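Single-letter residue listing:
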Amino acid sequence: MAVKMSSSISLSFLSRNFSAISSPPLMSSSKSITDFFSPPPKRIKISETLISKPTTISAHSKSGPDNVDDGSSLSVEQKTKIEFNKSLARAKRNLKICTDRVSKSKEEGKFVKLEELLVEETWIEALSGEFEKAYVKTLSTFVEKEISGNVPIYPPTHLIFNAMNSTPFDRVKAVIIGQDPYHGPGQAMGLSFSVPEGIKIPSSLGNIFKELKQDLGCAIPTHGNLERWALQGVLLLNTVLTVRNHQANSHAKKGWEPFTDAVIRTISLRKSGVIFLLWGNSAQEKSKHFSKTNHILEQLGVLPVNWQL
């Protein structure tokens, strides 16, 4: 990771009118996600992130894909397993589509268009028109040129939009934002902080695992693959989605920041109850943010995240 991350976490809660609760304001075209979170807004206490009046969750609560009280007799664990399996099948389908498109383009001696690598329908609808903007066309040309060059580009082409292809827009319940993809061979997999099994766990991710153990007692895993989080609705989004081999920030300020700004803006405008887990030097104290995240989700009638890998 291009930036060293501390093990401290800053927790923000997003509502439709989230600027009113001291969460980050909507981003203007002159600000990127990096500006958006550094320096961060005033630290929010967990009590301030909840709805102003206590909410009683019942069978009459608003339903959704992860609603806990849907009137059935299934346990939370059973519901979580069912939803996980559905998400896994959907993510596998999306991955296959991307892989096939990249393979076909190579056979034809062409470069697959950037917009064709985002295949999850809910994100295509949510970001409608974004790929038609001039900055994305410029970005696409840049990425195509870089991939066709002699220096390896990470992550692999079919995983560039892995975060969104793995976590549908309608299922986003939490967001973990990173900066650059890992720039070593075999590390980047299109999910912030995540590395494939068999790859050494980076120190930044190791700090996250230590925080999890202190908070929830989760056993520290032997691998750094965070796909299970993504499949449960945790959007693992980097601010820049590609990078050159061993050249941190080499694709910064090439157009990715406005695009990922648009992703965050879309979440803020069209979703409520989304939680941001932010690692950074600015966080002032350690707190049980993973358990608090699940507490908020349960208060909203949403299935909590099983953080154990």
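All figures in this text were calculated on a predicted structure; none of them were measured in a lab. (Residues numbered from 1 in each chain as written. Predicted model: local features only at pLDDT ≥ 70, side-chain atom pairs only at ≥ 80, totals over all residues. Heavy atoms only, no water.)

Description of the packing of helix H7 (residues 203–216) against helix H10 (residues 289–299)
Two quantities define a packed helix pair, namely the angle between the axes and the distance from one axis to the other. One way to put it is that H7 packs onto H10 with a least axis distance of 8 Å and a crossing angle of 65°. With respect to their mutual orientation, H7 and H10 come out roughly perpendicular. Across the interface between the two elements, Ile208, Glu211, Leu212, Asp215 and Leu216 of H7 pack against His289, Phe290 and Ser291 of H10. Broken down by class, the residue content of the contact of H7 with H10 amounts to four nonpolar, two polar and two charged. (Axes fitted to C-alpha atoms, helices over the stretch in contact; angles between N-to-C directions. Helix = DSSP H or I, 4+ residues; strand = E, 2+ residues; numbered from the N terminus. Parallel < 35°, antiparallel > 145°, perpendicular 65-115°, else oblique. Contact = heavy atoms within 4.5 Å. Nonpolar A, V, L, I, M, F, W, Y, C, P; charged D, E, K, R; others polar.)

Topic: the environment of valine 151
Inspection of the secondary structure assignment puts valine 151 in the loop between helix H5 (134–147) and strand E2 (153–154). Judged by its relative accessible area of 29%, valine 151 is partly exposed. It is 6.6 Å that separates the C-alpha atoms of valine 151 and arginine 244, two residues lying 93 residues apart in sequence. Apart from the residues within four sequence positions on either side, valine 151 is in contact with Glu146, Arg244, Asn245 and Gln247. (Buried < 20%, exposed > 50% of the residue type's maximum accessible area, 1.4 Å probe, protein only.)

Re the environment of glutamate 146
Along the polypeptide, glutamate 146 turns up in helix H5. Look at glutamate 146 and you get buried, because its relative accessible area is 11%. Between the C-alpha atom of glutamate 146 and that of valine 243, which follows or precedes it by 97 residues, the distance is 9.3 Å. When neighbours within four sequence positions are excluded, glutamate 146 is seen to be in contact with Val151, Ile153, Arg244 and His251.

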